[in-house]
Amino acid sequence: MSPDTQWITLMWMLTSGVVMGMAYDSYRVLSGQLRFPRWSIHTLDLLYWVASALFVFRMIYAGNHGQLRFYVFLGLIIGVCFYFWLLSVTTQRFVVMLIKLARTLIHWCGRILNILIVMPAKGIYKLIRVLFGFVIAILLFLGRLVLQCLVPFGKLFRWMFRPLLKHWVTPHWMIRVGTRIAAMWKRWF
């Protein structure tokens, strides 16, 4: 293997070590800020290491076609140490700032949705409810008015058809039951 390929592979591994450190710090800050459930931490750790291993092997393959040498491990260790020595605090602060920014954006989006969608929907619902109540009140008023107007015609029809209704509609047993109920009512009260 040529020295150029070895130096390129070493640079890839230095970069991979820095990226692994950034990913680890970002994951650590996110899990602390977002308070993942305790049971999920182990699963997320496993996912981090699987993703890191796949990333490193991809970089090894890109650098020297997958040949594993001592300088590969040396590059990873130097990259991780360099990251934690110089860039760790900056990355943690940046991730915390991004989390605060995301929370602020979510809060403002929630407020905007509340103002643009929820409050008008509630207003429309209240307006429809009031209008529906108003229409029901008007219909009830008109219904009572129509019934009051029809009362004289009802009296007229009852007067006209009283002889027919007595014999055809009202059976004799209903008259007897009605008289018994009236007698019991008078006796009790």
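As a starting point, this report considers the structure included with it. (Residues numbered from 1 in each chain as written. Predicted model: local features only at pLDDT ≥ 70, side-chain atom pairs only at ≥ 80, totals over all residues. Heavy atoms only, no water.)

### Observations regarding the overall build of the chain
Then comes step 1: Within the chain, the regular secondary structure consists of 4 helices and 0 strands.
Then comes step 2: For the chain, the sequential pattern of α-helices and β-strands runs α-α-α-α.
Then comes step 3: At 43 Å, the chain has a C-alpha radius of gyration far larger than the 16 Å of a compact globule built from 189 residues.
Then comes step 4: Taken along its principal axes, the extent of the C-alpha atoms in the chain is 125 × 35 × 35 Å.
Then comes step 5: A total of 189 residues make up the chain; the buried ones form 16% of that total.
Then comes step 6: Across the chain, contacts joining residues at least 24 apart in sequence account for 82% of those joining residues at least 6 apart. (Helix = DSSP H or I, 4+ residues; strand = E, 2+ residues; numbered from the N terminus. Rg over C-alpha atoms; globule rule 2.2 N^0.38 Å. Buried < 20%, exposed > 50% of the residue type's maximum accessible area, 1.4 Å probe, protein only. Contact = heavy atoms within 4.5 Å.)

### Concerning a nonpolar patch on the surface
Then comes step 1: There is a patch of nonpolar side chains on the surface, built from F132, F134, V135, I136, I138, L139, L140, F141, L142 and L145 and spanning about 970 Å² of accessible area.
Then comes step 2: Counting through the fold element by element, L145 comes out in helix 3 (residues 70-168).
Then comes step 3: We classify L145 as partly exposed; its relative accessible area is 41%. (Patch = residues over 30% accessible without salt bridge, like charges linked within 9 Å, V, L, I, M, F, W, Y side chains within 5 Å. Areas by Shrake-Rupley, 256 points an atom, 1.4 Å probe, with all protein chains shown as cover. Salt bridge = Lys/Arg side-chain N within 4 Å of Asp/Glu carboxyl O.)

### Some words on helix 2 (residues 38-64)
Then comes step 1: The terminal C-alpha atoms of helix 2, which comprises 27 residues, lie 40 Å apart, in line with the 39 Å expected from a rise of 1.5 Å per residue.
Then comes step 2: Just beyond helix 2, the residue with positive phi is H65, at close to 60°. (Expected span 1.5 Å × (residues − 1).)

### A closer look at the pattern of salt bridges
Then comes step 1: Tallied over the entire structure, the rule returns 1 salt bridge.
Then comes step 2: R28 is the salt-bridge partner of D25, the closest N and O atoms lying 2.7 Å from each other. A residue pair is termed a helical-turn pair when its members lie 3 or 4 positions apart in one helix, as D25 and R28 do in helix 1 (residues 3-34) at 3 residues.
Then comes step 3: Of the residues examined, D25 reaches a relative accessible area of 0% and is grouped as buried.

### Concerning the packing of helix 1 against helix 2
Then comes step 1: Between helix 1 and helix 2, the shortest axis-to-axis distance is 9 Å and the interhelical angle comes to 165°. Of the possible angle classes, the one that applies to helix 1 and helix 2 is roughly antiparallel. When you trace helix 1 past helix 2, the crossing you get is right-handed. Across the interface between the two elements, T5, T9, W12, M13, S16, V19, M20, A23, Y24, Y27 and S31 from helix 1 touch I41, L44, D45, Y48, W49, S52, F55, V56, M59, I60, G63 and N64 from helix 2.
Then comes step 2: Along the lines of polarity and charge, the residues of the contact of helix 1 with helix 2 split into 15 nonpolar, 7 polar and 1 charged. (Axes fitted to C-alpha atoms, helices over the stretch in contact; angles between N-to-C directions. Parallel < 35°, antiparallel > 145°, perpendicular 65-115°, else oblique. Left-handed = near helix turned anticlockwise from the far one by under 90°. Nonpolar A, V, L, I, M, F, W, Y, C, P; charged D, E, K, R; others polar.)

Keep in mind these numbers describe shape, not what the thing actually does.
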